Amino acid sequence: MERALTVTFATSPDRYRHWTLHVDGAVATVTLRVDEHGGLVPGYELKMNSYDLGVDIELYDIVQRLRFEHPEVKAVVLTGGLERMFCAGANIRMLAQSTHAWKVNFCKFTNETRNGIEDATEHSGQTWIAALNGTAAGGGYELALACDQIVLVDDGSSAVSLPEVPLLGVLPGTGGLTRVVDKRHVRKDRADLFATKAEGFRGRTAVEWGLVDAAVPRHSFDDEVARRAGEAVAASTRPSDAKGVVLTPLERKDEADAITYPYLSARIDRANRLVEITVSGPADAPPADPAAQGAEYWPLAVTRALDDLILHLRTNELELGIWVLRAVGDPERVLAYDAQLREQAGDWFVNEVRHYYKRTLKRLDVTSRSLIAVIDPGTAFAGLLAELALAADRQYMLEGVYEDRDADAAPATLLLTPSNDGDYPMGNGLSRLESRFWGNDGDLAAVRARLGEPLDAAAAQELGLVTLALDDIDFEEELRIVLEERASLSPDALTGMEANHRFAGPETLETKIFGRLTAWQNWIFIRPNASGPDGALRRYGTGRKGDYDVERV
Amino acid sequence: MSIDDTRTGAAPAPTGPLSRVDYSERIPNNVNLAGDRRLQRALEGWQPKFLEWWKQLGPALPTKDVYLRTAIAVGRDGWAHFAHVPMDEYRWGIFLAERDPDRKVNFGKHKGEPAWQEVPGEHRADLMRLIVIQGDTEPASVEQQRVLGHTAPSIYDLRNLFQVNVEEGRHLWAMVYLLHAYFGREGREEAEQLLKRNSGDLDAPRILGAFNEATTDWLQFFMFTYFTDRDGKYQLGTLKESAFDPLARTCEFMLKEEAHHMFVGTTGVQRTLERTAELMKEHDTADILPHGGIPLDIIQKYLNFQFSVSMDLFGSEQSTNAGNYYTSGLKGRWMETRRKDDHVLLDATRELRYVEDGQIKTKTVPMLSALNLDLRDEYVADCANGVRRWNQALEDAGLSERLYLPHEGFNRKVGVYAGHHVTPQGEVVDEDAWNARAAEWLPTPEDREKVASLMIPEYEYGKFAGWIAPPKTGINDQPVEFDYVHLADEGLL
Ligand SMILES: [Fe+2]
Ligand SMILES: [Fe+2]
């Protein structure tokens, strides 16, 4: 499949084709009923509640809106709108006809959405409960695994299953293998049986092995789900009386080689295969009541734009291999917001903004592009914005000013706050500073001692916060060469290298999913046993099974 | 040292286009240093370190001044002038050959594209490596030759030694300019390293092996200048083809100066041979050491040694790097543009000799993988010319003995012959056989002592040590007995 269209991630409930969102007081019900003819690209029908990227874009929108627009929702019931089939997972024909890049991007996005569901349960007091009113196969079960609890209808035929290995010759790659053992603590030999048994397990066994939390007959199914939702509501810290913040349509202007949002711009340089991404600081001091400002609240506006831009570039601009990150504006104003986000962290809306920014930074962390931060006069890399610089693979800082251009400018400084040391943890559970100085406690302590202090290039270099601090004699030429050099390296090797360097420190469920599971899956995707003409993925539905090269690698 | 000094002699009249050279600045140049204050500052910061290095590791013999050639322009002729100059006031300048605005890349995958005026990021590391390796050899030879002034066979030869030394210093400048101008901070750091590594220094040796061997005496100096400097000439010849235009133009200009270094080597060996032949004739014996001449067999051993270590400088016969450099446009072949082929070489092959089962065999390999060998073959052919010329001197003297180039596999430490023992005649032998006969082929400490015993300085104008014949003519139309060098303390004479 050639990428014939530009994928847009913006949607809203009135445009959903595959989902319905029903809010009843503190409980929301999210129902999947896929429009078979609503595939994002031609060539497949989304039968049996199977999904493609378009279905998942809507789900992502729902997850986001529930958090911002529905402070009153404390439990979310995820269920299916078909008889006997909750969800059959990712559409196989879609996978079979997709390019490798498409498959990889699709899986990454679905993984991020599932992590977002877990994040809502963990940090928003918005507990997701999977109400499996029919079979949850493959990606369908993986979706349920992202929920806090799984209730399966015990009707003698509905099952949970991960049939990818036996039927398709690939992995349950959106967290399935990982969550079965790491989250649900299913014994590894049972997990092995489960993942090789195409039809999966029903009722009692599923409960006994820990694959689901409860299996209940059809007549008491709704009651059980309601009971669990009620418990979750009672345990939630979310306010009941707060007014939601509407996620109004993003203001985004697209030109041939530029994309502009109110606080974010991207300038595309196709010849050099890079995009210059510039975040702008706030225009004013923070408002007293952030929620009242709604979607206009600067940190939220920046985060939404960044989120949209990352998804857009990742999906639609595969050849722009280098993202050059800058922040401009008044660092003092950035710091005022930075402080407010911390001081008012107990507020439901501020809490949502914080976690959304955290998730967006994580999206950046797992983005397969080289990230280069440039810190020069006028920079607003301070506090939460400095996280962008720290997320980058390299940081280049100008020492002094551009003598020829603006000799009177103030030299750039980098200013770190607790935002960089725990407010926005990475997927590995560490702050970006902890991860950067993993195993070098002295260096970490030295930086911690300087939080809140503007650091000039020499200090930033000394503290190990920047890759290279150069004066204007060298700066631009060095940067040009670095970017050209980067563009000349193998994109695949860079992706692998960056992904390995970015996550120093311990493994977590998330790092395992984006590292171990994804890497294996992506390898399997390109192997003939899956995607060759006789591979299982390509042959699925032809009535013939895959012919495997039996050699173990 | 003004140009109209009557004793500066006639520099050739300029005939080619002359660049305006900014000779009034501290660093003579034709790269518009005056207009590039950043670069000027960078280089001026480097210059004191360079002078410090020159004082510590440059020529050890104290002199007042030396009749030296100084590059002042880059036209086809008239690019230099001659004058007596105190050596540490020598104006080491920066000159690039004239720029051809239409110059194209002539080979490799970028063939036909405009030559690069800036370093492409993709090739920065490789280009910098090539420049650093070339740059490292330039000061190395100055260090190797620093004590030779104490045993100079004549004031004429002393001057030639110093001329080679200051020009090698200028070649260092040329490479440092490229590092400063095009490679940012890393380039400056590399430029400093060029002065921190020193020939023969155990802790920080020069990069290439042959540049860490001591130059023990004047025969070795002439051999070095003939064989090892000639390697430099061939390396410069490949860099002169580079797609990176500033490097190409720098090397093109350096080749002008190298021609004189070749001359010193060729005539130095030749004059030694002439005297040797004369003494052999006169005393009707090959054993002329007692008569103050260097025996022919020792000359052959010196030749064998210097030729073989210089062969190693070309690197492995089969080299992926060399192929990559070529394909990327960084380094061409000798006389690239005169070659009649596609200049891409993807399908070309050539023969490669190698050792297997105690025999020298031949196989066919991709040309791109064997470009070091291609260059080395050109070099060997050039070396053979010199040997022919030297043999003419023996023939003219009515002697039947001849010098020869040893086999390419002789005494090799690098490439396909490394780890094998090959005689000068090309016979593969085992280690015992090699050890038994090595003293016949390579200079022994006794041989070097014998040569050293003849190395008595001769500082009287127009006089020559007994082991070497005088040249036919002087430098720059001056007489042979000209006062080419004024020593610091004339009282020492
Ligand atoms: Fe040289
Ligand atoms: Fe030379």
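Please read these numbers as outputs of a predicted model, since none were measured by experiment. (Residues numbered from 1 in each chain as written. Chains lettered and ligands numbered in written order. Predicted model: local features only at pLDDT ≥ 70, side-chain atom pairs only at ≥ 80, totals over all residues. Heavy atoms only, no water.)

Points about the overall build of chain B
Helix and strand content of chain B: eleven helices and seven strands. Taking 2.2 N^0.38 as the reference for a compact globule, 493 residues should give roughly 23 Å; the C-alpha atoms of chain B span a radius of gyration of 23 Å, in line with that estimate. Looking at chain B residue by residue over its 493 residues, the buried ones come to 58%. Within chain B, residue pairs in contact and separated by at least 24 positions form 73% of the contacts whose partners lie at least 6 positions apart. Summed over all atoms, the accessible surface of chain B reaches about 19900 Å², with 49% contributed by carbon and sulfur. Considering chain B, the positive charge centre built from 56 side chains and the negative charge centre built from 77 side chains are found 5 Å apart. (Helix = DSSP H or I, 4+ residues; strand = E, 2+ residues; numbered from the N terminus. Rg over C-alpha atoms; globule rule 2.2 N^0.38 Å. Buried < 20%, exposed > 50% of the residue type's maximum accessible area, 1.4 Å probe, protein only. Contact = heavy atoms within 4.5 Å. Areas by Shrake-Rupley, 256 points an atom, 1.4 Å probe, with all protein chains shown as cover. Lys, Arg positive; Asp, Glu negative; His and termini not counted. Charge placed at Lys NZ, Arg CZ, Asp CG, Glu CD.)

Thoughts on the overall build of chain A
Counting its regular elements, chain A contains 22 helices and 20 strands. Here chain A has a C-alpha radius of gyration of 24 Å; the compact-globule value for 553 residues is 24 Å, and the two agree. With 553 residues in all, chain A has 57% of them scored as buried. Here the analysis covers contacts within chain A between residues at least 6 apart in sequence; of these, 75% occur between residues at least 24 apart.

Regarding the pairing of strand β8 (residues 134–137) of chain A
All names here are of chain A. Across three bridges, the pairing between strand β5 (residues 84–87) and β8 is parallel. In the sheet register, Arg84 faces β8, and the bridge partner there is Gly134. Pairing between β8 and strand β10 (residues 159–161): two bridges, direction parallel. When the sheet's bridge partners are listed, Ala136 is paired in β10 with Val160. (Pairing = 2+ DSSP bridges.)

Quick notes on the coordination of the iron ion (ligand 2)
Residue and element names in this part refer to chain B. Every protein donor of the iron ion (ligand 2) is accounted for by Glu168 (OE), Asp229 (OD), Glu258 (OE), Glu258 (OE) and His261 (ND1), and the metal-donor separations fall at 2.0 to 2.7 Å. When the donors of the iron ion (ligand 2) are listed by position in the chain, the intervening gaps give E-x60-D-x28-E-x2-H. Distance-wise, the iron ion (ligand 1) is placed 3.2 Å from the iron ion (ligand 2), both being coordinated by Glu168. Placement of Glu168 in helix α3 (residues 155–182) and of Glu258 in helix α6 (residues 245–283) is noted, with a sequence separation of 90 residues between them. Of the two residues, Glu168 and Glu258, neither departs from the other in class, the shared state being buried. (Donors = N, O, S within 2.8 Å, 3.2 Å for Na, K, Ca; no water.)

Focus: the environment of Arg188 of chain B
If you trace the backbone, Arg188 of chain B turns up in helix α4 (residues 184–196). We classify Arg188 of chain B as partly exposed; its relative accessible area is 24%. Sequence separation between Arg188 of chain B and Val176 of chain B is twelve residues, and the spatial gap between their C-alpha atoms is 7.9 Å. Polar contacts involving the side chain of Arg188 of chain B include one to the side chain of Asp474 of chain A, which spans 2.6 Å. (Polar contact = N/O pair within 3.5 Å; in protein donor to acceptor, adjacent residues only side chain to side chain.)

Concerning the interface of chain A and chain B
It is common to give the size of an interface as the accessible area lost on bringing the parts into contact. Each partner contributes residues to the interface: chain A has 16 residues there, and chain B has 14 residues. Between chain A and chain B lies a buried interface of about 1300 Å² when both sides are counted; carbon and sulfur atoms form 39% of it. Among the residues chain A hides against chain B, the three largest losses belong to Ile473, Asp474 and Ile481 of chain A. Together they make up 35% of the total. Taken together, the links from chain A to chain B amount to four salt bridges. In this structure, the salt-bridge partner of Glu485 of chain A is Arg124 of chain B, at a minimum N-O distance of 3.6 Å. Along the contact surface separating chain A from chain B lie five residue pairs in polar contact (both at pLDDT 80 or more). (Buried area = accessible area lost by both parts, 1.4 Å probe. Salt bridge = Lys/Arg side-chain N within 4 Å of Asp/Glu carboxyl O.)

Notes on the packing of helix α3 (residues 100–123) of chain A against helix α13 (residues 348–365) of chain A
Residue and element names in this part refer to chain A. Following both chains from N to C, one finds α3 and α13 inclined at 150°, their axes separated by 11 Å at the closest point. In terms of orientation, α3 lies roughly antiparallel with respect to α13. Like other packed secondary-structure pairs, α3 and α13 cross with a definite hand, here right-handed. Note on element contacts: α13 touches α3 through Asn351, His355, Lys358, Arg359 and Arg363, opposite Phe109, Glu112, Gly116, Asp119 and His123. (Axes fitted to C-alpha atoms, helices over the stretch in contact; angles between N-to-C directions. Parallel < 35°, antiparallel > 145°, perpendicular 65-115°, else oblique. Left-handed = near helix turned anticlockwise from the far one by under 90°.)

Points about the coordination of the iron ion (ligand 1)
Residues and elements named next belong to chain B. Every protein donor of the iron ion (ligand 1) is listed here as Glu138 (OE), Glu168 (OE), His171 (ND1) and Glu258 (OE), and their distances to the metal cover 2.1 to 2.2 Å. For the iron ion (ligand 1), the four donor atoms in the first shell make angles of 73 to 163° at the metal, a pattern classed as irregular. Donor residues for the iron ion (ligand 1) sit on one chain with the sequence pattern E-x29-E-x2-H-x86-E. Assessed through its relative accessible area of 0%, His171 is described here as buried. (Tetrahedral: all angles 85-135°; square planar, octahedral: opposite > 155°, others 65-115°.)

Quick notes on the pairing of strand β17 (residues 322–328) of chain A
All names here are of chain A. Most of β17 is tucked away: six of the seven residues are buried. The pairing of β17 with strand β18 (residues 370–375) spans four bridges and is classified as parallel. Among the inter-strand pairings, Val324 is bridged to a residue of β18, identified as Ile372.

Section: the sheet that holds strand β4 (residues 75–80) of chain A
Residue and element names in this part refer to chain A. Spatial strand order, β1-β2-β4-β7-β9-β12: six strands in an open sheet with mixed pairing. Two strands in the sheet have a free side with no partner beyond their single neighbour: β1 (19–24) and β12 (214–216). Pairwise comparison of adjacent strand axes, ignoring direction, gives a mean angle of 20° for this sheet. With four bridges joining them, strand β7 (residues 127–132) and strand β9 (residues 149–153) adopt parallel strand pairing. Considered in β9, the bridge of Ala130 is made with Ile150. Packing against the sheet, helix α1 (residues 53–69) makes contact with β1, β2 (27–32), β4 and β7, and its axis sits at approximately 15° to β1. Along the sheet, helix α9 (residues 218–235) contacts β2, β4, β7, β9 and β12; its crossing angle with β9, the most-contacted strand, is approximately 170°.

Regarding the side chain of Asn160 of chain B
When you line up the elements, Asn160 of chain B lands in helix α3. Excluding anything up to four places from it in sequence, Asn160 of chain B contacts His260, Val264 and Ile475 of chain B.

Quick notes on the domain arrangement of chain A
Residues and elements named next belong to chain A. Once the domains are mapped, chain A shows domain 1 (13–235) and domain 2 (253–502). Listed as interface residues are 15 residues of domain 1 and, on the opposing side, 19 residues of domain 2. Both sides of the domain 1 and domain 2 interface together cover about 1500 Å² of buried area, and 50% of this is carbon and sulfur. The interface formed by domain 1 and domain 2 includes five salt bridges. Between Arg67 and Glu352 there is a salt bridge; the shortest N-O distance is 2.8 Å. For the pair domain 1 and domain 2, the number of links is twelve residue pairs in polar contact (both at pLDDT 80 or more). Broken down by secondary-structure element, the contributors of at least two residues to the side of domain 1 that touches domain 2 are α1 and α3. Element by element, the count of residues in the side of domain 1 that touches domain 2 is highest for α3, at eight residues. (Domains from an automatic or database assignment.)

Considerations on the sheet that holds strand β11 (residues 201–202) of chain A
Reading across the sheet, the four strands line up as β5-β8-β10-β11 (chain A) and stay open at both edges, with mixed pairing between neighbours. Pairing within the sheet leaves two strands with one partner each, and these edge strands are β5 and β11 of chain A.

Observations concerning the nonpolar core
Core analysis: the largest hydrophobic core is formed by 132 residues, its most contacted members being Trp19, Trp128, Tyr141, Val160, Leu211, Leu414 and Leu465 of chain A. Apart from residues no more than four positions distant in its own chain, Leu465 of chain A is found in contact with Leu390, Gln395, Leu414, Leu416, Leu433, Arg436, Phe437, Val447, Leu455 and Ala460 of chain A. Formed by 109 residues, the second largest nonpolar core is a distinct cluster that contains Leu33, Val166, Trp218 and Trp390 of chain B. (Core = buried A, V, L, I, M, F, W, Y, C linked by side-chain atoms within 4.5 Å.)

Considering the packing of aromatic side chains
This model, assessed by the stated rule, comprises 49 aromatic pairs over all chains. Here Phe410 of chain B and Trp441 of chain B contribute two aromatic rings whose centre-to-centre distance is 6.2 Å and whose plane-to-plane angle is 85°, an arrangement assigned as edge-to-face. Of this pair, Phe410 of chain B sits in the loop between α9 (371–396) and β5 (421–422) while Trp441 of chain B sits in helix α10 (residues 431–441), and the two are 31 residues apart along the sequence. In this pair, the class of Phe410 of chain B matches that of Trp441 of chain B, namely buried. A network of ring pairs unites the aromatic residues Tyr226, Phe227, Tyr234, Phe307, Phe314, Trp334, Tyr379 and Trp390 of chain B as a single cluster. Above the face of the Tyr424 of chain A ring, Arg354 of chain A is positioned so that its terminal group lies 5.9 Å from the ring centre. Above the plane of the ring of Tyr302 of chain B lies Arg448 of chain B, whose end atom (NZ or CZ) is 5.2 Å from the centre. (Phe/Tyr/Trp six-rings, centres within 6.5 Å; stacked < 30°, edge-to-face > 60°. Lys NZ or Arg CZ within 6 Å of the ring centre and 35° of its normal.)

Examining the pattern of salt bridges
It is possible for side chains of opposite charge to pair when their charged atoms get near one another. Applying the stated criterion to the full structure yields 85 salt bridges over all chains. Of the charged contacts in the structure, one is a salt bridge between Asp474 of chain A and Arg188 of chain B, with a shortest N-O distance of 2.6 Å. Placement of Asp474 of chain A in the loop between β20 (468–471) and α18 (475–488) and of Arg188 of chain B in helix α4 is noted, with the two residues assigned to different chains. If you follow the salt bridges from partner to partner, you end up with Arg67, Asp119, Arg238, Glu352, Lys358 and Arg359 of chain A in one network.

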